[in-house]
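Remarks on the overall topology
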Amino acid sequence: MSRIALVRNRASTRNLRSGVEAVPPEVRLIEARALDALTGELRAAHAAGAEIIAVDGGDGTVREVLSRVPEIWGDPLPRIAIIPHGNTNLIAREVGALETAADLAEVERRLEAGQPLTERRHAMLRLDYPAGERPPVRGSILGWGIYATATRMARDEISARGSAQVALAVFGMLTRVLVGGEQGPLRQGVAASLTVDGRRRAAGRRFVGVATSLQGPLAARMNPFWGKGNGPIRWLDILSPAARLAQAAPFLLRGRPALWMPRAGYGSGRASRIELELDSPFVMDGEVYAPPASGPLTLTADERITFISL
């Protein structure tokens, strides 16, 4: 019986840079070369008795595993260990991680000895398409508007020039957004509507929207959330054209809005359920998804999973 299975993404940033690590012999290795094959590999790991799924990769690889395990394992869910070899590794920063694949030998030893592991429960975002257009997507951070634009541009830069150019490209775009006029094309936003726990937000195009189950700061200590509400989902909604954006940016990034900002279309809070209608691509944990053919996307965070570390 293999109590630990390791899902490895050889194409993740740090695996490409440093090479893959040896895997302890007692660990079942799953190479995540093709997502179509991942479901079958996880089913085989479940049948073999896997209790812990380790993920060697970044946020995207974690998303692909989380999207599959509830339907395969049912209750109880397996515990998840992250070996953070991606680019940003936002999830691992909050829930903890292992340093290397060699740490799985110590995890196995503690399992055999009945010794505890460090555990942290985490709410998963669950995104459902209308009418079951596609299976649920589970992850930690969802974004649309300029968030999706920046992600798509970064992916294009990776394909065309290599990852060294991504930071420069994104920084250049954000600079243009901040210093450009409100009539600039990047400030026009996307057509979208947002209903938060049954309350519909103001109508209009959206400059940016973000929803996350992460409770700490995002990359570079950004924490652009504030406001009231119940539920594990933190959300941010800014209407286009993001009025006085250069003035708002310092307050926005700290999650401490100036008094004028809510009246100018800057909104944030907490929620248990969000319904999102849009006709442009959006991003979940770094992956770009097509909008639904019709009807709203539904975002909840009722499901929880346990992450482990040493």
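Residues numbered from 1 in each chain as written. Predicted model: local features only at pLDDT ≥ 70, side-chain atom pairs only at ≥ 80, totals over all residues. Heavy atoms only, no water.

**Some thoughts on the pattern of salt bridges**
In this structure the tally under the stated criterion is 17 salt bridges. Across the pair Arg3 and Glu51 runs a salt bridge whose closest N-O atoms are separated by 3.2 Å. Of this pair, Arg3 sits in the segment before strand S1 (4-8) while Glu51 sits in the loop between helix H2 (35-47) and strand S3 (52-57), placing them 48 residues apart in sequence. Exposure remark for Arg3: the relative accessible area of 17% places this residue in the buried category. For Glu51, a relative accessible area of 29% corresponds to the partly exposed category. Between Glu287 and Arg63 there is a salt bridge, with its nearest N and O atoms 4.0 Å apart. You can see Glu287 sitting in strand S16 (residues 287-289) and its partner Arg63 sitting in helix H3 (residues 59-66), a full 224 residues away along the chain. Where salt bridges share partners, they join Glu71, Arg126, Asp128, Arg138 and Glu303 into one cluster. (Salt bridge = Lys/Arg side-chain N within 4 Å of Asp/Glu carboxyl O. Helix = DSSP H or I, 4+ residues; strand = E, 2+ residues; numbered from the N terminus. Buried < 20%, exposed > 50% of the residue type's maximum accessible area, 1.4 Å probe, protein only.)

**Things to note about the sheet that holds strand S6 (residues 125-128)**
Pairing within the open sheet is antiparallel, and its six strands lie in the order S7-S6-S17-S14-S9-S10. Of all the strands in the sheet, the pair left with one neighbour each is strand S7 (137-139) and strand S10 (199-200). Summarising the sheet, strand S14 (residues 273-278) and strand S17 (residues 297-300) pair through four bridges and their orientation is antiparallel. When the bridges of S17 are listed, Glu275 appears paired with Thr298. (Pairing = 2+ DSSP bridges.)

**Re the environment of Asp128**
Here Asp128 lies in strand S6. Separated by 2.9 Å, the side chains of Asp128 and Arg126 make a polar contact. (Polar contact = N/O pair within 3.5 Å; in protein donor to acceptor, adjacent residues only side chain to side chain.)

**Quick word on empty space enclosed by the protein**
On inspection of all chains with the given rule, the structure shows one cavity of 30 Å³ or more. Within this model, the largest cavity holds a volume of roughly 30 Å³. As for the largest cavity, its lining consists of Leu127, Leu142, Trp144, Ala211, Ile274, Leu276, Leu297, Thr298 and Leu299. A total of three residues in the lining of the largest cavity trace back to one element, the largest contributor, which is S17. (1 Å grid on protein atoms, 1.4 Å probe; cavity = no way out; pocket = protein on both sides within 12 Å on 5 of 7 lines; lining within 4 Å. Points joined across faces, edges and corners; volume = space filled by probe spheres on them.)

**Observations concerning the environment of Gln247**
With respect to the element layout, Gln247 can be found in helix H9 (residues 245-254). Note: C-alpha distance between Gln247 and Pro78 (169 residues apart in sequence) is 46 Å.

**Thoughts on H2**
For H2, which comprises 13 residues, the first-to-last C-alpha distance of 19 Å matches the rise-based estimate of 18 Å (1.5 Å per residue) to within 8%. For H2, the complete set of buried residues consists of Leu38, Leu42 and Ala45. With its buried residues spanning 60° around the axis, H2 presents them on a single face. Exposed residues pointing more than 90 degrees away from the buried face of H2 are listed as Asp36 and Ala47. Gly49 lies just past H2 and shows a positive phi near 95°. (Expected span 1.5 Å × (residues − 1). Arc of directions from axis to C-beta.)

**Remarks on the layout of surface pockets**
Rolled over the atoms, a probe with the dimensions of a water molecule shows which regions are left empty. Here the second largest pocket defines a volume of roughly 270 Å³. Forming the boundary of the second largest pocket are 14 residues, of which Thr39, Ser67, Arg68, Pro135 and Pro136 lie nearest the centre. Those elements that place two or more of their residues in the lining of the second largest pocket are H2, H3 and helix H4 (69-73). Looking at which element gives the most residues to the lining of the second largest pocket, the answer is H2, with three residues. Within the lining of the second largest pocket, the residues separate by chemical class into six nonpolar, two polar and six charged. (Nonpolar A, V, L, I, M, F, W, Y, C, P; charged D, E, K, R; others polar.)

**Topic: the environment of Pro70**
Looking at where Pro70 falls in the secondary structure, it is placed in helix H4. Taking the C-alpha atoms as reference, Pro70 lies 26 Å from Gln115; in sequence the two are 45 residues apart. Once residues within four sequence positions are removed from consideration, Pro70 is found in contact with Leu77, Met124 and Arg138. (Contact = heavy atoms within 4.5 Å.)

**Digging into helix H6 (residues 103-113)**
Taken as a whole, H6 has its buried residues at Leu104, Val107, Glu108 and Leu111. With its buried residues spanning 100° around the axis, H6 presents them on a single face. Buried-residue contacts for H6 involve S1, S3, strand S4 (79-84) and strand S18 (304-309).

The values are spatial; any link to function lies outside them.
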